[in-house]
Amino acid sequence: MGSGILAGMTWAFETMILGFALTMTPMVSTEQAVLLAPFASTFLHDLFSAIWICIYNGFHGTLPDVFRSLKSRSGMFVALAAVIGGPVGMTGYVLSVANMGASIGAVASAVYPAIGAVLAFFFLKEKMSWYRWIFLFLSMLGVYGLSYSPYINITNFWLGFAGTIMCATGWGIEAVIIAKCVRDHSLSQASALQIRQTTSALVHGMVILPLLNGWPFTFSLFSNTGSLIPVIAAAAFFATVSYLLYYRAIGQIGASKAMALNITYAAWAVLFSILLLHDQNLLNPVTIICTIVVLVFGILAGADNKTLWKG
């Protein structure tokens, strides 16, 4: 549970930083930039994340394990999960953030645990007590309440909505595949994440960007763009930490519980925005109540009832 909650907290940092990057001048300077920014930033995000996790594995001497894992059945399924969760899920997430504001990512997060929990029930035989389904539903309602803030700057609702559907479906399916793979003790969470992020970056770089003729724009981001690249790299760092914790939670408590804990990132993002960015607009009764609802019911939905009530 601790890993799941910390995964949500670090993803909240990632969301805030990535949302800031998407508002910087290179990303909104032209119509072409607005169109290509979600795809270019997703590629750079996952590329830097792959570099961060490579450094982590190199420091711990586990890079040879990654290459061995690639040849295993679990490793190949992680690569499949990467295609679904990265190019599909992460691109959808960035589309949502770019077109409907950072808090709309909360909508995607509110939907994907439900999709993932249903899939985990059928394919992984993970049982959820009736009251945990209620807690999950109440937590999702709280996230929706946060997402409908009057301060959201919506630029293209339908494109953002399409991104939300992509994100929810991609991440829900990915979580179930990862849960199946990390049960194989020969595949560590760090190795799984290395395969995931590297595969995602390769698919973006070799398939999606060429199809969109997005490489010239992507290369242009490395020149005369100030702090944009370091900001994306910083977002990728927090994403890497969040994924490691999230994969650990999936391996230890199951996909449905881990996802329920992970969606608390929407509430953490509100708290961090108030405490660190001094965003006074968020200090209103609806936002405060919804934040408390998400945190409390998200944790209850991910908790083991025996541990919760007897501990």
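The text that follows walks through the structure, step by step, so that each part is easy to find.

### Thoughts on the packing of helix α9 (residues 189–211) against helix α11 (residues 228–253)
At a minimum axis distance of 9 Å, the contact between α9 and α11 shows a crossing angle of 125°. In terms of axis orientation, α9 runs oblique to α11. Where α9 crosses over α11, the two elements pack in a sense that is right-handed. Note on element contacts: α11 touches α9 through Thr240, Tyr243, Leu244, Tyr247 and Arg248, opposite Gln189, Ala190, Ala192, Leu193, Arg196 and Gln197. For the contact of α9 with α11, the residue count by class is 6 nonpolar, 3 polar and 2 charged.

### Some details on the packing of helix α4 (residues 63–70) against α9
At their nearest, the axes of α4 and α9 sit 9 Å apart, and the two run at 65° to each other. Overall, the two elements α4 and α9 adopt an arrangement that is roughly perpendicular. In terms of crossing hand, the pair formed by α4 and α9 is right-handed. Across from Leu63, Asp65, Val66, Ser69 and Leu70 in α4, the residues of α9 making contact are Ser191, Gln194 and Ile195. Within the contact of α4 with α9, the residues separate by chemical class into 4 nonpolar, 3 polar and 1 charged.

### Some details on the environment of alanine 21
One can find alanine 21 in helix α1 (residues 2–21). Separated by 16 residues in the primary sequence, alanine 21 and alanine 37 have C-alpha atoms spaced 9.9 Å apart. Not counting the four nearest positions on each side in its chain, alanine 21 is found in contact with Met27, Leu228, Val231 and Ile232.

Parameters and conventions
Residue positions are counted from 1 within each chain, in the order its sequence is given. For this predicted model, a pLDDT threshold of at least 70 governs which residues receive local features, and a threshold of 80 or more governs which side-chain atom pairs are given and counted, while totals over whole chains, interfaces and linings are taken from all residues. Working from all heavy atoms in the structure, the side-chain values ignore hydrogens and water. Orientation is described by axes fitted as lines to C-alpha atoms, over the contacting stretch for helices, and by angles from 0 to 180 degrees between their N-to-C directions. In this text, helices come from DSSP runs of H or I with a minimum length of four residues, and strands from runs of E with a minimum of two, each type numbered from the N-terminal end. Here roughly perpendicular refers to angles of 65 to 115 degrees, roughly parallel to angles under 35, roughly antiparallel to angles over 145, and oblique to all remaining angles. Here a crossing is called left-handed whenever its near helix is offset anticlockwise from the far helix by less than a right angle, and right-handed whenever the offset is clockwise. It only takes one pair of heavy atoms within 4.5 Å for two residues to be counted as in contact. For this classification, the nonpolar set comprises Ala, Val, Leu, Ile, Met, Phe, Trp, Tyr, Cys and Pro, the charged set comprises Asp, Glu, Lys and Arg, and every other residue, Gly included, is treated as polar.

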